[in-house]
Amino acid sequence: MQALLQLTIANIRSFVRDRAAMFWTLVFPLIFILMFGAIFTGGGTSTRVFAWVDGDGSAASAELRAAFAELDNVELRDATEAGGLDAMRQGDLRAVIVVPAGYGAAVAAAARAPGPPVAITVYTDPTQQNQSADTFRFVQTVLGRINLEVSGRGPAVVPEARAVQTESLTFISYLVPSILGMSLMQLGVFAAIPLVADREKLILKRLSATPLRRWQLVGSNVLMRLLIGIVQTLIIVTVGALAFDVQISGNVLLVAALVVLGSLSFISLGYVIASFARTEDAANGMTSVVQFPLMFLSGTFFPIDEMPEVLRGIARVLPLTYLSDALRQVMVGGTPFSPLWLDFAVLGLFLAICFAISARFFRWT
Amino acid sequence: MTVAAPAARETGLAIRVHNLRKQYGETRAVDGISFEVRSGEVFGLLGPNGAGKTTTVEILEGLRAADSGEAMVLGIDANRNPETLKPRIGVALQTASLYPKLTVTEVLDLFRSFYGRRGHSTGELIERFDLTEKRTSQTRELSGGQRQRLVVALALVNDPELVFLDEPTTGLDPAARRSLWEVVLDLKRQGRTILLTTHYMEEAEVLCDRLAIMDHGRFLESGTVKELVGRHFQERAVRFDRIHGLADASLAAIDGVVSVAHENGEVVLYTRDVPRAIDGLLAAAGAAGTEPENLTIRRPTLEDVFLALTGRALRD
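Thresholds, definitions, all that
Residues numbered from 1 in each chain as written. Chains lettered and ligands numbered in written order. Predicted model: local features only at pLDDT ≥ 70, side-chain atom pairs only at ≥ 80, totals over all residues. Heavy atoms only, no water. Helix = DSSP H or I, 4+ residues; strand = E, 2+ residues; numbered from the N terminus. Buried < 20%, exposed > 50% of the residue type's maximum accessible area, 1.4 Å probe, protein only. Contact = heavy atoms within 4.5 Å. Lys, Arg positive; Asp, Glu negative; His and termini not counted. Charge placed at Lys NZ, Arg CZ, Asp CG, Glu CD. 1 Å grid on protein atoms, 1.4 Å probe; cavity = no way out; pocket = protein on both sides within 12 Å on 5 of 7 lines; lining within 4 Å. Points joined across faces, edges and corners; volume = space filled by probe spheres on them. Nonpolar A, V, L, I, M, F, W, Y, C, P; charged D, E, K, R; others polar. Domains from an automatic or database assignment. Salt bridge = Lys/Arg side-chain N within 4 Å of Asp/Glu carboxyl O. Axes fitted to C-alpha atoms, helices over the stretch in contact; angles between N-to-C directions. Parallel < 35°, antiparallel > 145°, perpendicular 65-115°, else oblique. Expected span 1.5 Å × (residues − 1). Core = buried A, V, L, I, M, F, W, Y, C linked by side-chain atoms within 4.5 Å. Phe/Tyr/Trp six-rings, centres within 6.5 Å; stacked < 30°, edge-to-face > 60°. Pairing = 2+ DSSP bridges.

Enquirer: Would you explain the overall build of chain B in this entry?
Expert: The number of helices and strands found in chain B is eleven helices and 15 strands. A principal-axis box enclosing the C-alpha atoms of chain B has dimensions of 75 × 45 × 40 Å. Across the 316 residues in chain B, those meeting the buried criterion constitute 54%. Across chain B, contacts joining residues at least 24 apart in sequence account for 67% of those joining residues at least 6 apart. Averaged over its 39 positive side-chain charges, chain B has a centre that lies 4 Å from the centre of its 45 negative ones.

Spelled out as structure tokens, the structure:
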């Protein structure tokens, strides 16, 4: 236990002192998030664009629209409910506000005698917590003023919150879990390089002349990468939340389970590479050959459904497709590419295959 | 051939090897060697690169399995129970094999943890191996001599009874080599058993109580340095730069010359009667219209033994 712990600490020290490793695992994913985030959110965070669906067409509903329109930083776009929701799903809008039929009549009735309040439906995306809360603040401000004008005795108009089924995410909420998947993949695949280097420098041989057991050696490597994977996850999730307001809406335990399973799967892929790469240079080359297709063809940057047929076929056999898909489902409620259980099953199977290959072909000297 | 350690057949044996064999494809790396090493003895395996020294040592360290033969180390079968053996031995591999980005202190601490932290403290080892100034340096910043001292220190973290040093001074400058010899002699004074491989004759002469000369996986000869030299040479060696037009045959015909050899552009005449041999040499050279240059006379060394046994020089 002592030996396992000390070796894990030694591995972490070597990792932290390796600038290239630090860059690829901690800085590189953040560059992607910040760069793509800046390009694709393009100032959208400062203007509030709402779809305005007038189901009533009365003077009162026109008045309500005017009250919203005169607020600073609010832009209204008239739309049908279906059209507004579609636009919102594509990330063009923050919210859809629906004034129901009979709104004018209900407000007029409320001015004469208190009755049941009429509900204005407000669709927001709950994974975008801050934006969602911000939208409701605006809605409350406007409705509060209307209520005051109408009676002053009780609310005549209330908002009714509805979540837009987050079938389609804003690009940045799509990107954050994908980048996390990509980072865990890289962290695992890059395990091959120090492993081959240690073998080339005969460090593995020297270790096997001590009472240290091989499971302790492998265990410390895996433990080190798992810990770094967790740090990576925290950094990516935090940056996603602070810079781009992407909130984790799903089950944290499920996210943790995926981070662990995903890390283990790709670490074992790293061991497969280390089983066949004789030199550190060869390991460097092989990790590049493995990681770039995984990075670009597993739906990291664009949904797989939007890819050409040929690439979609490739994506279907890449393990990262399933990790990122599962992460998007669990973290931000992304549209499943495959069912969650299948994602877990594919990753588990992939881990088992890589483990078997490494157990058969990995050489210590 | 069998090399039994004198007067230590029953007890006090650190290593007993019998008819050990290891083959890689067509190459017989170790080809049926047998020897014994007594407790407290420094035993040397001497031979050129590729002689099979490292393979032999790695079998005894439990790192490789032999194809056949017996390898008993500290009473443990190194082929069958390497995991029982490993806690009790200290190992310095031929190549330094250090974590490049860990400091001297960190590497020592790490290796101590593999043995449950028994034996010497990290501070003691650092002081004893003269690494105090470098204790916070990463190992990749160490000089060759410092690296080798650290490698030997790592072989001692568990305070082992038996230490394997595989070519401990290869690639070191003469000063660093001498300083490492001091370290090994110090270990010897503490009564540790050491199995050392080297391809430096001088090193074997300085450090080893007994040694075996190895080539092509076999032992050519073994014994103490004195025995080896005495067994082959009552002769002295007369050396001089090669003279054109003076054939080996005519040199061998000189009165008093026993044999003729070549080493690094020099001719070596072995003789029991130095004045007579030199007279003859001067006469032969004079007849060829020249005289020998850089003429030296010396007692034969292990170098000469090796040359006589293999017909080639050890240092290539």
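Enquirer: Help me understand empty space enclosed by the protein in this model?
Expert: A probe matching the size of a water molecule, rolled over the atoms, marks out where space remains unfilled. All names here are of chain A. Scanning the entire structure with this criterion turns up one cavity of 30 Å³ or more. Quantified by volume, the largest cavity comes out at close to 40 Å³. Along its surface, the largest cavity is lined by L204, L207, S208, L212, R213, R214, L217 and W364. Every element with two or more residues in the lining of the largest cavity is listed here: α9 (203–208) and α10 (214–244). Tallying contributions element by element places α9 first for the lining of the largest cavity, with three residues. Partitioning the lining of the largest cavity into residue classes produces five nonpolar, one polar and two charged.

Enquirer: Which parts of the structure should I look at to understand the domain arrangement of chain B?
Expert: You'll often see interface size given as the accessible area lost when the parts meet. Splitting chain B by domain gives domain 1 (2–229) and domain 2 (234–299). Using C-alpha coordinates to define each centre, domain 1 of chain B is positioned 40 Å away from domain 2 of chain B.

Enquirer: Whenever I open this one, the pattern of salt bridges confuses me. Can you help?
Expert: Close approach of charged atoms allows side chains of opposite charge to pair. Applying the stated criterion to the full structure yields 29 salt bridges over all chains. Note that R17(A) and E106(B) form a salt bridge whose closest N and O atoms lie 2.8 Å from each other. You can see R17(A) sitting in the loop between α1 (2–16) and α2 (19–41) and its partner E106(B) sitting in helix α3 (residues 104–114), one on each of two chains. Across the pair E75(A) and R77(A) runs a salt bridge whose closest N-O atoms are separated by 3.5 Å. R77(A) sits in the partly exposed class, given a relative accessible area of 39%.

Enquirer: I'm lost on the packing of helix α7 (residues 171–189) of chain A against helix α12 (residues 280–297) of chain A in this one. Help?
Expert: Axis angle and axis distance: for two packed helices, these are the angle between their axes and the distance between the axes, and together they describe the pair. All names here are of chain A. Packing of α7 against α12 leaves a shortest axis separation of 10 Å and a crossing angle of 170°. The angle between α7 and α12 falls in the class roughly antiparallel. Residues M182, M185, Q186 and V189 of α7 form the contact with α12, whose own contacting residues are T287, V290, Q291, L294 and M295. For the contact of α7 with α12, the class distribution of residues is six nonpolar, three polar and no charged.

Enquirer: When you look at α1(A) in this model, what are you seeing that I'm missing?
Expert: In an α-helix, one full turn covers 3.6 residues, which means residues spaced three or four apart are oriented alike. Along its 15 residues, α1(A) runs 21 Å from first to last C-alpha, staying within 8% of the 21 Å computed at 1.5 Å per residue. All of the buried residues in α1(A) are A3(A), L4(A), Q6(A), L7(A), T8(A), A10(A), N11(A), S14(A) and F15(A).

Enquirer: Would you mind showing me how to read the nonpolar core here?
Expert: Side chains that are nonpolar tend, in soluble globular proteins, to be buried together. Membership of the largest hydrophobic core comes to 113 residues, with the highest contact counts inside it found for F266(A), L108(B), F114(B), L211(B) and L302(B). The element contributing the most residues to this core is helix α11 (residues 252–276) of chain A, with eleven residues. L108(B) has contacts with T122(B), L125(B), I126(B), L150(B), A153(B), L154(B) and V157(B), leaving out every residue within four places of it along the chain. Counting residues in each nonpolar core, the second largest holds 31 residues, with V17(B), A66(B), L195(B) and M214(B) among its members.

Enquirer: Sorry if this is basic, but what is going on with the packing of aromatic side chains here?
Expert: By convention here, two paired aromatic rings are described through the distance between centres and the angle between planes. Residue and element names in this part refer to chain A. Under the counting rule described, the total for this entry stands at 19 aromatic pairs over all chains. A ring pair is formed by W52 and F68, whose centres lie 5.4 Å apart and whose planes are at 55°; its orientation type is tilted. In this pair, W52 is assigned in strand β1 (residues 48–54) and F68 in helix α3 (residues 59–69), connecting sequence segments 16 residues apart. In this structure W52 comes out as buried when scored by relative accessible area, which is 1%. For F68, a relative accessible area of 1% translates into the label buried.

Enquirer: Just checking my understanding: could you explain the sheet that holds strand β9 (residues 193–198) of chain B for this structure?
Expert: Backbone hydrogen bonds are what pair the strands of a sheet, in a parallel or an antiparallel way. Residues and elements named next belong to chain B. As summarised here, the arrangement of the six strands in space is β7-β8-β9-β4-β10-β11, forming an open sheet in which the pairing is mixed. A strand with exactly one partner marks an edge of an open sheet, and here the two such strands are β7 (89–92) and β11 (218–223). The sheet shows a mean angle of 15° between the axes of neighbouring strands, direction not considered. Looking at chain direction, strand β10 (residues 210–215) and β11 are connected through five bridges and run antiparallel. Within β11, the residue paired with I213 across the bridge is E221. Lying on the sheet, helix α11 (residues 302–310) is in contact with β4 (42–46), β10 and β11; it crosses β10 at an angle near 35°.

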